[in-house]
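Next come the chains, spelled out residue by residue.
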Amino acid sequence: RGKLEYMLGIQYMDDFIAQYKWEERWVKEQVLDLDSMQTARLVDRLEFLYLPANRYYLYSFLYKNCTSELRDIIFPLVEGAESSFKNSMAGVTDRELINGYISGWPKFGINLILGSGLDKEISVYQSMFLPDNLYSGISVLQNGGKSLVSKDHYLYKAGNSNKERRDLPDYAISPLFVFVVLLLMVLVGLFKKRFGLIFSNIYLVLVSILGIVLSFIILVTEHKELYMNLNLLWCNPFFLAVVYASVKGLKKTERVLSAISLVFLALLQLVWAFEVQYAEPGFVVIVITLSIVFLSRVFTPFRVQKQMSYGSR
């Protein structure tokens, strides 16, 4: 809902390093070259934020996270730092930055839930919600005519013992692979009418349920990153009406509702063509599958049963 509280905490450095060693994660330090006044301001700010009334904050993974909080503490100490980064565009979107760190089903799910607001070019300042980008930004800052960073070195350099073990090849469990298989099953169903109808109805129900869940999340959340989500054009609860008409044998109604559903999918093509919102490869396959399902129902001819009456002459 956007109500998750994060907290500023204090930890002994030895404990911090020990935890990272145990997790086999590296720790790199940037030593800041601050004068005595800047150092005092930094310490005062941290002490103020650590007061019980101030140490908690509502988390936003794009606008108020552990990294952006650090940025907002350091940049006011250095003259011109904040304005220079805010006025410089990064040439990327929030979504492109996020996608650089994720893959597989997490990437599919995150791109499903995030709205179109993440597909606009951002400033360098905003890009520093990621630790790598804040690190790069701090490394080029000047403080009083000299580099802000006086030293840059590893406190702990992890080995390769944390490599993820995979029992199956990536393609076998990827979203794209799964949705291509489902697409092929829908195509097979075009030649096996009874199987095809049952399977495509199940497919529509699952997509609709996903749409209901997505709609509910968007309605209850205060995370503005989730707003204006045009994935609802394909992840659409409306498709349940098509299934209802199909089950009830309402052929004319099913045909009309399928045509309306195709309009939703056509609008989505404009969204993707003009890059209003990112098209995950798995989404494209799902939309192709849905299009085939709806087209097959729109253009299936009605079965007309002729009755003949016989009378005596």
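So, here's what we can say about the structure. Everything quoted here is computed from the prediction, not taken from an experiment.

On to unusual backbone geometry. Positioned with a positive phi, Glu24 is a non-glycine residue whose angle comes to about 55°. You can see Glu24 is positioned in the loop between helix H1 (13–22) and strand E2 (27–32). The exposure class of Glu24 is buried, given its relative accessible area of 19%. One non-glycine residue with positive phi stands out, namely Glu275, at about 55°. Counting through the fold element by element, Glu275 comes out in the loop between helix H13 (251–273) and helix H14 (281–298). Of the residues examined, Glu275 reaches a relative accessible area of 64% and is grouped as exposed.

Attention now goes to helix H2 (residues 36–49). Residues that lie three or four places apart on an α-helix share one face, since the helix turns once every 3.6 residues. Spanning 14 residues, H2 covers 20 Å between terminal C-alpha atoms, matching the ideal 20 Å at 1.5 Å per step. Listing the buried residues of H2 in full gives Gln38, Leu42 and Leu49. Buried residues along H2 cover an arc of 40° about the axis, so they all sit on one side. In H2, the exposed residues that point more than 90 degrees away from the buried face are Ser36, Met37 and Glu47. Where H2 begins, the capping side chain belongs to Asp35, and its oxygen is found 3.1 Å from the backbone nitrogen of Met37.

Taken together, the side chains of Leu176, Val180, Leu184, Leu187, Leu190 and Phe191 make up a nonpolar region of the molecular surface, amounting to roughly 540 Å² of accessible area. Note on Val180: relative accessible area 33%, which makes it partly exposed.

What follows deals with the nonpolar core. Leu204, Trp234, Leu265, Leu290 and Phe294 are the most contacted members of the largest nonpolar core, which totals 33 residues. Secondary-structure elements contributing two or more residues to this core are helix H6 (104–113), helix H10 (175–189), helix H11 (193–220), helix H12 (239–247), H13 and H14. The biggest single contributor to this core is H14, with nine residues. Apart from residues lying up to four places away in sequence, Trp234 is in contact with Leu112, Val207, Phe239, Leu265, Leu268, Phe283, Ile286, Val287 and Leu290.

About the cut-offs
- Residues numbered from 1 in each chain as written.
- Predicted model: local features only at pLDDT ≥ 70, side-chain atom pairs only at ≥ 80, totals over all residues.
- Heavy atoms only, no water.
- Helix = DSSP H or I, 4+ residues; strand = E, 2+ residues; numbered from the N terminus.
- Buried < 20%, exposed > 50% of the residue type's maximum accessible area, 1.4 Å probe, protein only.
- Expected span 1.5 Å × (residues − 1).
- Arc of directions from axis to C-beta.
- Polar contact = N/O pair within 3.5 Å; in protein donor to acceptor, adjacent residues only side chain to side chain.
- Patch = residues over 30% accessible without salt bridge, like charges linked within 9 Å, V, L, I, M, F, W, Y side chains within 5 Å.
- Areas by Shrake-Rupley, 256 points an atom, 1.4 Å probe, with all protein chains shown as cover.
- Salt bridge = Lys/Arg side-chain N within 4 Å of Asp/Glu carboxyl O.
- Core = buried A, V, L, I, M, F, W, Y, C linked by side-chain atoms within 4.5 Å.
- Contact = heavy atoms within 4.5 Å.

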